[in-house]
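Listed below are the residues making up each chain.
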Amino acid sequence: MFKIIVKDIKPGGIDVHETIAAEEIGLAKEDYMHFTAPLDVAAHIERLKNMVAAQAQITGHYESFCSRCLEPVEGDLNQGYDASFPINPATEFVEVGEDIRQEVILNLPTIVLCKEDCQGICPGCGASLNTEPCRCKKDKSKRPKSSPEKGDTYRPFEKLKDIE
Ligand SMILES: [Zn+2]
Ligand SMILES: [Zn+2]
């Protein structure tokens, strides 16, 4: 993937187009985010004096779940990435793909929200607070086991397991 032969880089650069399968960025087993198609990578590669410079744009469309309320969420990944690779006269090729792959992994959203102010699910009564009122206000003696402040580190799939 993305092995650039240095002597093939024309003056003014070349444009390359590749895809990265979701499995290649480690998402196959991580259900929280699912890419509907391989990620698309368009890169412009230039040869400079002692290096090869790459400018890449990575795009993809994903399906996921809101971290707070577990409703399905779709979104677009659109990420730019610039990198340079030192070369010397003996360098035959540079491997651009692995860097791009790592960059995508590092920048994947870890928290997906259906909307910025999603109210989530009440840990006490299970009400989906975007659409229904909390039912535990009447009985304050029953304190919810988990704290609502945990909202942002909430793991959606642990909750899904509970539902099943
Ligand atoms: Zn939500
Ligand atoms: Zn409640």
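Residues numbered from 1 in each chain as written. Chains lettered and ligands numbered in written order. Predicted model: local features only at pLDDT ≥ 70, side-chain atom pairs only at ≥ 80, totals over all residues.

J.: Run through the overall build of the chain, naming residues and quoting values.
T.: Each helix and strand in the chain was counted, giving 2 helices and 7 strands. In the chain, the succession of α and β elements from N to C terminus is β-β-β-β-β-β-β-α-α. When burial is assessed residue by residue, the chain has 19% of its 164 residues classed as buried. Contacts in the chain between residues far apart in sequence, at least 24 positions, make up 58% of those at least 6 positions apart. (Helix = DSSP H or I, 4+ residues; strand = E, 2+ residues; numbered from the N terminus. Buried ≥ 20, exposed ≤ 12 C-beta atoms within 10 Å, placed from the backbone. Contact = placed C-beta atoms within 7 Å.)

J.: An account of the nonpolar core is requested, with residue identities and associated values reported.
T.: In terms of nonpolar packing, the biggest core is built from 18 residues, with V41, V96 and I100 touching the most fellow members. Those elements giving two or more residues to this core turn out to be β4 (39-47), β5 (51-65) and α1 (97-107). With 5 residues, the top contributor of residues to this core is β5. Of all hydrophobic cores here, the second largest spans 6 residues; its members include F65, C66, C69 and I121. (Core = buried A, V, L, I, M, F, W, Y, C linked by C-beta atoms within 7 Å.)

J.: So what about the environment of N130? Which residues, and what values?
T.: Its location among the elements puts N130 in the loop between α1 and α2 (156-163). Taking C-alpha positions, N130 is 6.6 Å from C118, a pair spaced 12 residues apart along the chain. Sequence-distant contacts of N130, defined by excluding residues within four places in its chain, comprise C69, C118 and Q119.

J.: Break down α1 for me, with residues and values.
T.: Every buried residue belonging to α1 is among G97, I100 and V104, and all of these are buried. What you see down the axis of α1 is that its buried residues fit within an arc of 65 degrees, all on one side. α1 presents E98, Q102, I105 and L106 as exposed residues on the side facing more than 90 degrees away from its buried surface. Where α1 is buried, its residues meet β2 (14-20), β4, β5, β6 (72-86) and β7 (93-95). (Arc of directions from axis to C-beta.)

J.: Provide a residue-level description of the pairing of β5, including the pertinent values.
T.: Bridge count for strand β3 (residues 33-35) against β5 is 3 bridges, and the pairing is antiparallel. Residue pairing in the sheet places F35 in a bridge with Y62 of β5. The loop that links β4 with its antiparallel partner β5 comprises 3 residues. The sheet contact formed by β5 and β6 spans 15 bridges and is antiparallel. (Pairing = 2+ DSSP bridges.)

J.: How would you sum up the pairing of β4? Please name residues and give values.
T.: Only one face of β4 is covered, namely the face carrying L39, V41, A43, I45 and R47; the face carrying D40, A42, H44 and E46 is uncovered. As paired strands, β2 and β4 are joined by 7 bridges and run antiparallel to one another. Pairing of I20 across the sheet is with L39, part of β4. As defined by bridge partners, β4 adjoins β5 across 8 bridges and the pair is classed as antiparallel. Paired with A42 across the bridge in β5 is Q57.

J.: If you had to explain the environment of L39 to someone new, which residues and values would you point to?
T.: Within the secondary structure, L39 sits in strand β4. Those residues in contact with L39, other than ones at most four positions away along the chain, are T19, I20, I58, T59, G60, L77 and V104.

J.: Account for the confidence of the model for the chain, with residues named and values stated.
T.: Taken over all residues, the pLDDT of the chain has a mean of 83, while the share at 70 or more is 80%. The weakest mean pLDDT in the chain belongs to α2 at 54; the strongest belongs to β4 at 94. (pLDDT = per-residue confidence, 0-100.)

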